[in-house]
Amino acid sequence: LLNERVLSGAALASRVDALGGTAFKSMPTTGTATFRGVGELTVDRTSKIHPDGLGMIGDATMTANFGTGRVTGTVDNFQGVEFGPKKPLVAYAVDGKIAIGTKASQIGGTGPNRFTTNYAGTLGIAGTGDVDVVGTLDGQFVGTRASAAGTPRVVKGLFADDGDLVATQGTRKNGGSLTIYAEQN
């Protein structure tokens, strides 16, 4: 199951990466759109139990409200994977979720098809304990359905990334990243 999730996430990332940014003149200014996809989270070394860091894959659901200019959502249903030079692929349990856009979010601040949105969450990781993650995603709406110009259906997908994630475990702070790839059906 983990291998299927990783392969499915990689295929989604390839599809989204292949799309150019949504055409500026076609970006909607009203309505909402929901995008579903994958969230990929990494956290630098957290403990002796996970000396090579943590890698997790989760389900992402994002909603863009073009009228209010906000992007919100969640990444949940995480599954962890650890790999390193001296060990095979190891899956581990992860509980919790990441909430997106709860404090700050803006569509169009750095370009009509761009957005920024904050996130925060607590993930319970087997053998490691709770890890709190916070940061800001920089994203882009991608793909253009010409027949739907000016409506939320014009946007085919989105990509968002934060390479400066802050992960806190007790008093220890680590770096990491959160990347989201999602499509509108």
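What counts and how
- Residues numbered from 1 in each chain as written.
- Predicted model: local features only at pLDDT ≥ 70, side-chain atom pairs only at ≥ 80, totals over all residues.
- Heavy atoms only, no water.
- Helix = DSSP H or I, 4+ residues; strand = E, 2+ residues; numbered from the N terminus.
- Buried < 20%, exposed > 50% of the residue type's maximum accessible area, 1.4 Å probe, protein only.
- Contact = heavy atoms within 4.5 Å.
- Areas by Shrake-Rupley, 256 points an atom, 1.4 Å probe, with all protein chains shown as cover.
- Polar contact = N/O pair within 3.5 Å; in protein donor to acceptor, adjacent residues only side chain to side chain.
- Core = buried A, V, L, I, M, F, W, Y, C linked by side-chain atoms within 4.5 Å.
- Pairing = 2+ DSSP bridges.
- Phe/Tyr/Trp six-rings, centres within 6.5 Å; stacked < 30°, edge-to-face > 60°.

A separate point is the overall build of the chain. A tally of helices and strands in the chain yields one helix and ten strands. Scored against the burial criterion, the 185 residues of the chain give a buried share of 45%. Of the contacts formed within the chain by residues at least 6 apart in sequence, a portion of 61% connects residues at least 24 apart. For the chain, the computed accessible surface area is about 8,700 Å², with 53% contributed by carbon and sulfur atoms.

Our next topic: unusual backbone geometry. Phi at Asn77 is positive, roughly 55 degrees, even though this residue is not glycine. Its location among the elements puts Asn77 in strand β3 (residues 70-84). A relative accessible area of 47% places Asn77 in the partly exposed class.

What follows covers the side chain of Ser26. Topologically, Ser26 is positioned in the loop between α1 (2-18) and β1 (32-43). When sequence neighbours within four positions are dropped, the list of residues in contact with Ser26 reads Thr144, Ala149, Gly150 and Val154.

Within the secondary structure layout, Tyr181 lies in strand β10 (residues 176-183). Using a relative accessible area of 10% as the deciding quantity, one classes Tyr181 as buried. Not counting residues within four places of it along the chain, the set of residues in contact with Tyr181 comprises Leu12, Ala13, Val16, Asp17, Gly37, Val38, Glu40, Leu158 and Phe159.

Counting through the fold element by element, Asn113 comes out in the loop between β4 (87-107) and β5 (114-125). Only 2.8 Å separates the side chain of Asn113 from the backbone oxygen of Thr22, close enough to count as a polar contact. In this view, Asn113 contacts Gly21, Thr22, Phe24, Met27, Gly139, Gln140 and Phe141; residues no more than four positions away in its chain are not counted.

Ranked by size, the top nonpolar core spans 37 residues in total, and within it Phe35, Leu41, Met56, Ile98, Phe141 and Ile180 carry the most contacts. Elements supplying a minimum of two residues to this core: β1, β2 (54-65), β3, β4, β5, β6 (129-144), β7 (155-162) and β10. Those residues in contact with Phe35, other than ones at most four positions away along the chain, are Ala60, Thr61, Met62, Ala64, Phe141, Val155, Lys156, Gly157, Leu158, Ala182, Glu183 and Gln184. Judged by nonpolar contacts, the second largest core, of seven residues, contains Val16, Val38, Ile57 and Val142.

Below, the discussion takes up the pairing of β10. Two faces make up the sheet, and in a regular strand the side chains alternate between them. Counting buried residues in β10 gives seven out of eight residues, a clear majority hidden from the surface. Strand direction decides the pairing type here: β1 and β10, joined by eight bridges, are antiparallel. Looking at the pairing, Leu41 lines up with Leu178 of β10. Taken together, the six bridges between β7 and β10 define a ladder with antiparallel strand orientation.

Both β5 and β6 contribute to a ladder of twelve bridges, which runs antiparallel. Across the sheet, residue Tyr119 finds its bridge partner in β6, namely Gly135. Once β5 ends, the chain turns through three residues before running back antiparallel as β6, passing Gly127 with a positive phi of about 80 degrees.

Before going further, it helps to examine the packing of aromatic side chains. The relation between two aromatic rings is expressed through the spacing of the ring centres and the mutual angle of the planes. Here the structure, examined in full by the defined rule, presents four aromatic pairs. Ring geometry for Phe66 against Phe141: centres 5.3 Å apart, planes inclined by 55 degrees, an arrangement best described as tilted. Of this pair, Phe66 sits in the loop between β2 and β3 while Phe141 sits in strand β6, and the two are 75 residues apart along the sequence. Comparing Phe66 with Phe141, the two get one shared label, buried. Each ring, one from Phe115 and one from Phe141, has its centre 4.9 Å from the other, and the planes form 40 degrees; the classification is tilted.

With that settled, the discussion passes to the environment of Asn118. Turning to its location among the elements, Asn118 is positioned in strand β5. Spatially, the C-alpha atom of Asn118 lies 4.2 Å from that of Thr136, the residues being 18 residues apart in sequence. The residues touching Asn118, leaving out its near neighbours within four places in the chain, are Ala99, Ile100, Gly101, Thr102, Lys103, Ala104, Gly135 and Thr136. At 3.1 Å, the side chain of Asn118 forms a polar contact with the backbone nitrogen of Lys103.

Coordinates in, geometry out; function isn't part of it.
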